[in-house]
Amino acid sequence: MKPSFKGNKSALPAKPCAGCGHPMSWRRKWARCWDEVKFCSERCRQRRQAHDRLDLPPP
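Just so it is clear, the model here is predicted, and its values are computed rather than measured.

Asks: What am I meant to see in the overall build of the protein chain here?
Replies: When helices and strands are counted, the protein chain shows one helix and two strands. Of the regular secondary structure in the protein chain, the N- to C-terminal order runs β-β-α. Considering the protein chain as a whole, with its 59 residues, one finds that 17% of them fall into the buried category. In the protein chain, the proportion of contacts linking residues at least 24 apart, taken out of those at least 6 apart, comes to 12%.

Asks: Looking at this model, I keep getting lost on the state of the cysteines. Mind explaining?
Replies: Here, the word disulfide means a covalent bond between the sulfur atoms of two cysteines. A complete count under the given rule lists zero disulfides for this structure. As a non-bridged cysteine, C44 has C40 as the owner of its nearest cysteine sulfur, 3.6 Å distant. For C44, a relative accessible area of 9% gives the class buried.

Asks: How do you make sense of the pattern of salt bridges when you look at a structure like this?
Replies: Side chains that differ in sign of charge can pair as their charged atoms come close. Enumeration according to the criterion identifies one salt bridge in this entry. Salt-bridge contacts for E42 lead to R45; the nearest nitrogen and oxygen are separated by 2.1 Å. On the criterion of helical spacing, the pair formed by E42 and R45 is a turn pair, its members being three residues apart in helix α1 (residues 42–54). For R45, a relative accessible area of 29% translates into the label partly exposed.

Asks: Please explain the confidence of the model for the protein chain as it appears in this structure.
Replies: The predicted coordinates ought not to be read in detail in places where the model reports low pLDDT. In this model, the protein chain carries a mean pLDDT of 80, and residues with pLDDT of at least 70 account for 75%. When mean pLDDT is taken per element in the protein chain, strand β1 (residues 14–16) scores highest with 92 and α1 scores lowest with 77.

Asks: It is not clear to me how the environment of R43 should be interpreted in this structure. Could you clarify?
Replies: On the secondary structure map, R43 appears in helix α1. R43 gets classed as exposed once you look at its relative accessible area, which sits at 63%. Taking the C-alpha atoms as reference, R43 lies 9.0 Å from G19; in sequence the two are 24 residues apart.

Here is what the cut-offs are and how they apply
- Counting restarts for each chain, with residues numbered from 1 along the sequence as it is written.
- Restriction of local features to residues with pLDDT of at least 70 applies here, the model being predicted, together with a cutoff of 80 or more for giving and counting side-chain atom pairs; totals for whole chains, interfaces and linings are based on all residues.
- Neither water nor hydrogens contribute to the side-chain values; these are computed over all heavy atoms in the structure.
- Put simply, DSSP marks the helices as runs of H or I at least four residues long and the strands as runs of E at least two long, and each gets a number from the N terminus on.
- The buried label goes to any residue with under 20% of its type's maximum accessible area, the exposed label to any with over 50%, and the partly exposed label to all in between, with areas taken from a 1.4 Å probe on protein chains only.
- Any two residues having at least one pair of non-hydrogen atoms within 4.5 Å are treated as being in contact.
- The disulfide criterion is simple: two cysteine sulfur atoms within 2.5 Å.
- What counts as a salt bridge is simple: a side-chain nitrogen of Lys or Arg found within 4 Å of a carboxyl oxygen of Asp or Glu.
- The quantity called pLDDT is the predictor's confidence in a given residue, expressed from 0 to 100.

Below you can see the structure in the form of structure tokens.
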């Protein structure tokens, strides 16, 4: 993701959120840890942890 990015988000890698399934596109902030990113937001992360503690299936 060096200088070749010209604002076309469809050219960036994407993957689904483990909490809600919403597609997440790559962000510069996640450049070093993209393989570790699982959730699209803090809300999804906390929601998933609450479901795991209660042994409920994800929504």
